[in-house]
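Chain by chain, the residues run as shown.
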There are 2 protein chains.
Amino acid sequence: MTLDATTAAASPLAIICGGGSLPQAVAQAVDRTGRRCVLFAIRGWAEPAAVEAFPHHWVDLGRYGRFRRLMQAEGCRDVVFIGTVLRPSLTQIRLDWETVRVLPDVWRAFHGGDNHLLSGVGRILGGHGYRLIGAHEVAPDILVPEGPLGRCAPSARDMADIAVALDLLRATSPFDVGQGAVVADRHVLAVEAAEGTDGMLDRIADLRRQGRIQTRPGVGVLVKAAKIGQDHRFDLPTIGPKTVDGVARAGLAGLAVVAGATIMAEPQEIVRQANAAGVFAAGVRPPQAE
Amino acid sequence: MTLDATTAAASPLAIICGGGSLPQAVAQAVDRTGRRCVLFAIRGWAEPAAVEAFPHHWVDLGRYGRFRRLMQAEGCRDVVFIGTVLRPSLTQIRLDWETVRVLPDVWRAFHGGDNHLLSGVGRILGGHGYRLIGAHEVAPDILVPEGPLGRCAPSARDMADIAVALDLLRATSPFDVGQGAVVADRHVLAVEAAEGTDGMLDRIADLRRQGRIQTRPGVGVLVKAAKIGQDHRFDLPTIGPKTVDGVARAGLAGLAVVAGATIMAEPQEIVRQANAAGVFAAGVRPPQAE
């Protein structure tokens, strides 16, 4: 690292914004620390409502040259990348020359799966003198702590389901599958992949309506865990009020995530919804360290 | 084994029928060999149309005593269990006394997951002097052979996707998850659990319509494989025309299953549909023996 970290920390923080409410949550948390932030909202991903309260620029995938010029004009050195990401369709991207120059590197990263894609982009930015940091480093209070967030806590039976799910997610970890699974009574009901967590929870609710889930409502857990070796700067699992709502509608007992390695969007709303629905939302420590 | 296998083979074959068209396919295949078969159609699972062409009795879960008496009256010693199974809701089952006597064994099996459940039932029947055999033993032509079934064959790219899927299914094997996965361009799009293969394929079609799958149509494979250590007498993966239709609607290149360890329902119809849709349906040998 040739960069002077002190200088970088004094500079405005660049937040590259994907979709969802997390970019706003991170910007607010950073704002509370007194550091200025500049949002780079990715067109097609970022939501206008999530970025408009802060200084921001709309940027396009494939326009790396423009992004670099804006970064320089704003005096940014530290970059955080946060928010939901859609796999871009290459045909929809118009490229500028600077992007063409880095494209071989991006291409290599792209073909290694999501996690590699983001790590690859991180390496490229790092090579250009920027410092990629995790949202949790600039806003540590967005991480789920250990223990239940609301009034409800997992039972011994739930803990057994959580253990099965963590084992399963460890086994699927090398395969660039999703980061979630639903286990009820030690029986795996769903494994997350391209449909995402919300899609998986909708499926459980549907299967239950169709009478295809025999464990009774109130039994079963959603578990999310980062892939082993995942670069925490880019792609930590995330929960929000929508996740809690999905868990309740799926008739599960609650949700568990890895404490200190999961981002929570709108924590007060998570607690309120969990208490209202009588489900737990808890940070747990996996049996083995990563 | 105290049973005289020759005597048993001369006796009528009892086919316990779950749902779908497979019980009929097996009964027809056994019929062609000249052996008499008696179908025991499980109420709520078996389809009347699939059993009515053969001598049959309707039986209820939880009425093991009646089943035993019918078996004795028919002179059956060999039993095949075939067809789709729903996890029974215990509250819907009325028990007879013989069932109550074997219930502790069933209960133990039940709590080990699907595969254990069926193996447990197998052990119980074996203990009562019956011989549980696999459908493929009495009707070997229902197994998928090695190579493509229709005109289309997997490409090198498809073979790479198949290899990823087989690796993934080996990793999830200890967890009593489903037996299927969809991989496109080495990226895992879906892992099957409680929704079943058809449900998983519907999901891929939906995600594609929503623009959430970026690999283009015609790329990607469905792979089904038996769990490692699975008892082949009870729960071999199955494909049928509906599977091929689902693969085509999901925009995949084709489907691959483990040759010699997968049952096919209506093979002529599988070939016809695969050729019409331009997808492959192939039996493959996994890289490592089980």
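The shown structure was predicted, so the numbers you read here are calculated from the model rather than taken from an experiment.

Parameters at a glance
Residues numbered from 1 in each chain as written. Chains lettered and ligands numbered in written order. Predicted model: local features only at pLDDT ≥ 70, side-chain atom pairs only at ≥ 80, totals over all residues. Helix = DSSP H or I, 4+ residues; strand = E, 2+ residues; numbered from the N terminus. Buried ≥ 20, exposed ≤ 12 C-beta atoms within 10 Å, placed from the backbone. Contact = placed C-beta atoms within 7 Å. Nonpolar A, V, L, I, M, F, W, Y, C, P; charged D, E, K, R; others polar. Pairing = 2+ DSSP bridges. Axes fitted to C-alpha atoms, helices over the stretch in contact; angles between N-to-C directions. Arc of directions from axis to C-beta. Parallel < 35°, antiparallel > 145°, perpendicular 65-115°, else oblique. Left-handed = near helix turned anticlockwise from the far one by under 90°. Least-squares fit on C-alpha atoms with pLDDT ≥ 70 in both. Core = buried A, V, L, I, M, F, W, Y, C linked by C-beta atoms within 7 Å.

Enquirer: Break down the overall build of chain A for me, citing the residues and quoting the values.
Expert: Within chain A one finds 11 helices and 13 strands. Per-residue burial over chain A gives 46% buried out of 290 residues. In chain A, 74% of the contacts between residues at least 6 apart in sequence involve partners at least 24 apart.

Enquirer: Could you give an account of the interface of chain A and chain B, with specific residues and numbers?
Expert: With 22 residues of chain A at the contact, the number on the chain B side is 22 residues. When contributions to the side of chain A that touches chain B are tallied by element, the ones reaching two or more residues are helix 8 (156-172), strand 8 (187-191) and helix 9 (196-209) of chain A. The leading source of residues in the side of chain A that touches chain B is strand 8 of chain A, at five residues. Grouping the constituent residues of the side of chain A that touches chain B by class yields 12 nonpolar, five polar and five charged.

Enquirer: Can you explain helix 10 (residues 241-249) of chain B? Please cite residues and give values.
Expert: Residue and element names in this part refer to chain B. Residues P241, T243, V244, G246, V247 and A248 constitute the buried set of helix 10. Looking at the packing, one finds that the buried side of helix 10 touches helix 9 (196-209), strand 9 (221-224), strand 10 (238-239), strand 11 (254-258), helix 11 (267-277) and strand 13 (280-284). Of the residues one or two after helix 10, G251 is the one with positive phi, at around 70 degrees.

Enquirer: How would you sum up the sheet that holds strand 3 (residues 56-59) of chain A? Please name residues and give values.
Expert: Residue and element names in this part refer to chain A. Pairing is parallel across the open sheet formed by five strands, whose spatial order is 3-2-1-4-5. Across the chains shown, the open sheet's two edge strands, defined by having one partner strand only, are strand 3 and strand 5 (131-133). Between one strand axis and the next, the sheet turns by 25 degrees as a mean value, whatever way the strands run. With three bridges joining them, strand 4 (residues 78-82) and strand 5 adopt parallel strand pairing. Looking across to strand 5, one finds that V80 is bridged to I133.

Enquirer: Describe helix 4 (residues 64-74) of chain A, and please don't skip the residues or the numbers.
Expert: Residue and element names in this part refer to chain A. Taken together, the buried positions of helix 4 are Y64, F67 and M71. Down the axis of helix 4, the sector holding all buried residues measures 55 degrees, keeping them to one side. Residues of helix 4 that are exposed and point more than 90 degrees away from the buried face comprise R69, Q72 and A73.

Enquirer: Give a detailed account of the sheet that holds strand 5 (residues 131-133) of chain B, specifying residues and quantitative values.
Expert: All names here are of chain B. In spatial order, the strands read 3-2-1-4-5; together these five strands make up an open sheet with parallel pairing. A single partner strand is all that each edge strand has here, and the edge strands are strand 3 (56-59) and strand 5. For this sheet, the mean inter-axis angle between neighbouring strands, taken without regard to orientation, is 25 degrees. Helix-sheet contacts for helix 4 (residues 64-74) involve strand 1 (13-17), strand 2 (37-42) and strand 3, and the interaxial angle to strand 3 is about 170 degrees.

Enquirer: An account of the packing of helix 10 of chain B against helix 11 of chain B is requested, with residue identities and associated values reported.
Expert: Residues and elements named next belong to chain B. Close contact between helix 10 and helix 11 brings their axes to 8 Å; oriented N to C, the two are set at 15 degrees. With respect to helix 11, the element helix 10 is oriented roughly parallel. As helix 10 runs across helix 11, the sense of the crossing is right-handed. Listed contacts from helix 11 to P241, V244, D245 and A248 of helix 10 are E269, I270, Q273, A274 and A277. Across the contact of helix 10 with helix 11, the residue classes tally to six nonpolar, one polar and two charged.

Enquirer: Which residues make up the environment of A:A46, and what values go with them?
Expert: Residue and element names in this part refer to chain A. By secondary structure assignment, the location of A46 is in the loop between strand 2 (37-42) and helix 3 (48-51). The exposure class assigned to A46 is buried, which follows from the 25 C-beta atoms found within 10 Å. Residues A46 and Q214, spaced 168 residues apart in sequence, show a C-alpha to C-alpha distance of 40 Å. Once you skip the residues sitting within four places of it in the chain, A46 turns out to touch C17, G18, G19, P23, A41, V51 and G83.

Enquirer: Residues and numbers for the pairing of strand 4 (residues 78-82) of chain B, please.
Expert: As a general feature of sheets, a regular strand has side chains that alternate between the two faces. Residue and element names in this part refer to chain B. Within strand 4, five of the five residues are buried, which leaves it mostly tucked inside the rest of the structure. Residues D78, V80 and I82 point to one face of strand 4 and V79 and F81 to the other, with burial holding for every one of them. Pairing of strand 1 with strand 4, which is carried by four bridges, proceeds in the parallel orientation. In the sheet register, I15 faces strand 4, and the bridge partner there is V80.

Enquirer: Which residues make up the relation of the copies chain A and chain B, and what values do they have?
Expert: With an axial shift of 0.0 Å and an RMSD of 0.0 Å, the rotation relating chain A to chain B amounts to 180 degrees. In symmetry terms, the pair is related by a two-fold rotation axis. Both copies contact each other with a shared surface, as 100% of the interface residues of chain A are interface residues in chain B too.

Enquirer: Describe the nonpolar core, naming the residues involved and giving the relevant values.
Expert: Among the nonpolar cores identified, the biggest contains 178 residues, and A:I15 and B:I15 are the most heavily contacted of them. Aside from chain neighbours lying at most four places away, what touches B:I15 is B:P23, B:V26, B:A27, B:C37, B:L39, B:F40, B:V80 and B:I82.

Enquirer: Give me the environment of B:A281: which residues, what numbers.
Expert: All names here are of chain B. Positionally, A281 belongs in strand 13. Using a count of 29 C-beta atoms within 10 Å as the deciding quantity, one classes A281 as buried. A281 sits 143 residues away from V138 along the chain, and the two C-alpha atoms are 24 Å apart.

Enquirer: Describe the packing of helix 8 of chain A against helix 8 (residues 156-172) of chain B, and please don't skip the residues or the numbers.
Expert: Taken N-terminus to C-terminus, the directions of helix 8 of chain A and helix 8 of chain B make an angle of 155 degrees; their axes are 9 Å apart at the nearest point. In this view, helix 8 of chain A runs roughly antiparallel relative to helix 8 of chain B, as classed from their interaxial angle. In the packing of helix 8 of chain A onto helix 8 of chain B, the handedness of the crossing is right-handed. Note on element contacts: helix 8 of chain B touches helix 8 of chain A through B:L168, B:A171 and B:T172, opposite A:L168, A:A171 and A:T172.

Enquirer: Explain the environment of A:G34 to me, and be specific about the residues and the numbers.
Expert: Residues and elements named next belong to chain A. Looking at where G34 falls in the secondary structure, it is placed in the loop between helix 2 (22-32) and strand 2. Since 6 C-beta atoms lie within 10 Å of it, G34 is described here as exposed. When the C-alpha positions of G34 and M159 are compared, they lie 40 Å apart, and in sequence the two are 125 residues distant.

Enquirer: So what's going on with unusual backbone geometry? Residues and values would help.
Expert: Positive phi, close to 50 degrees, is recorded for A:E266, a residue that is not glycine. Mapped onto the elements, A:E266 comes out in the loop between strand 12 (263-264) and helix 11 (267-277). Positive phi values are uncommon outside glycine, yet B:R186 reaches one of about 65 degrees. B:R186 gets classed as partly exposed once you count the C-beta atoms within 10 Å, which come to 18.

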